[in-house]
Amino acid sequence: MRAPLTTSLTIATALLISACTNDTQEQQSSAVSAQQPAQVDAKTAKPHSTAAQEVVIQPVELPKGVMMNQGTVRYLNLEGGFWGIITDDGRKILPENLPSEHRKDGLRLSFSSKEVKGMMTIQQWGTLSTLDNIKVIGQVESQGNDPRI
């Protein structure tokens, strides 16, 4: 009587171990497929997988000392008058190279700037900077009384 019982226990144990191994392999394969990005068919440009795809946005690497900014162009009637930009975070930028088409009081700009060091100006206002990648992003009300600005 012991032999049939031992055989039955051995078979039952083998089946349980086999079932656990299959479950573990299925979990591992589903975890691996979730980590891999969906493959794209070049002809149809549609992903083969129906799983949600994660979009990764890589930040743009800027050279040392260059900052991305947004701000408002202002005409300041000090020391003979000059154009400055007040950034959204309150910094004052004295642009060395503001193009004439952007010299409009209240114009909103997006731009990159780099501080000019070792140079002084008579304005004594803001940080002297060179602008690049200038884009108009809007317009706010002018604070100047002169209709030409």
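See the structure printed just above.
Just so it is clear, the structure is predicted and the values come from calculations on it, not from any experiment. (Residues numbered from 1 in each chain as written. Predicted model: local features only at pLDDT ≥ 70, side-chain atom pairs only at ≥ 80, totals over all residues. Heavy atoms only, no water.)

### Some remarks on the environment of Asn69
Link 1 in the chain: Inspection of the secondary structure assignment puts Asn69 in strand β1 (residues 66–76).
Link 2 in the chain: Under the relative-accessibility criterion, Asn69 is labelled buried at 5%.
Link 3 in the chain: In sequence terms Asn69 and Leu109 are 40 residues apart; their C-alpha atoms lie 8.1 Å from each other.
Link 4 in the chain: Residue contacts for Asn69: discarding those within four places in its chain leaves Thr87, Arg91, Ile93, Leu109, Ser110, Phe111 and Ser113.
Link 5 in the chain: Here Met67 takes part through its backbone oxygen, which lies 3.2 Å from a polar atom of the side chain of Asn69.
Link 6 in the chain: In this structure the side chain of Asn69 is engaged in a polar contact, spanning 2.3 Å, whose partner is the side chain of Arg91. (Helix = DSSP H or I, 4+ residues; strand = E, 2+ residues; numbered from the N terminus. Buried < 20%, exposed > 50% of the residue type's maximum accessible area, 1.4 Å probe, protein only. Contact = heavy atoms within 4.5 Å. Polar contact = N/O pair within 3.5 Å; in protein donor to acceptor, adjacent residues only side chain to side chain.)

### Description of the environment of Gln139
Link 1 in the chain: Residue position: Gln139 is located in strand β5 (residues 127–139).
Link 2 in the chain: Spatially, the C-alpha atom of Gln139 lies 8.7 Å from that of Leu109, the residues being 30 residues apart in sequence.
Link 3 in the chain: In contact with Gln139, not counting residues within four places along its chain, are Asp105, Gly106, Leu107 and Arg108.
Link 4 in the chain: A polar side-chain atom of Gln139 sits 3.3 Å from the main-chain carbonyl oxygen of Asp105.

### A word on the packing of aromatic side chains
Link 1 in the chain: Taken as a whole and judged by the stated rule, the model has 2 aromatic pairs.
Link 2 in the chain: Here the aromatic rings of Tyr75 and Trp83 are separated by 5.0 Å at their centres, their planes lie at 65°, and the arrangement is edge-to-face. (Phe/Tyr/Trp six-rings, centres within 6.5 Å; stacked < 30°, edge-to-face > 60°.)

### Quick word on the nonpolar core
Nonpolar side chains in soluble globular proteins generally cluster together in the buried interior.
Link 1 in the chain: In this structure, Val73, Trp83, Ile85, Ile93, Leu98, Leu107, Leu109, Phe111 and Leu131 together form the largest nonpolar core, which totals 9 residues.
Link 2 in the chain: Looking at this core, the elements with two or more residues in it are β2 (82–87) and β4 (107–115).
Link 3 in the chain: The element that contributes the greatest number of residues to this core is β4, accounting for 3 residues.
Link 4 in the chain: What Leu109 contacts, discounting residues up to four positions off in sequence, is Asn69, Gln70, Gly71, Val73, Ile85, Leu98, His102, Ile134, Lys135, Val136 and Ile137.
Link 5 in the chain: Formed by 6 residues, the second largest nonpolar core is a distinct cluster that contains Leu76, Phe82, Leu94 and Val116. (Core = buried A, V, L, I, M, F, W, Y, C linked by side-chain atoms within 4.5 Å.)

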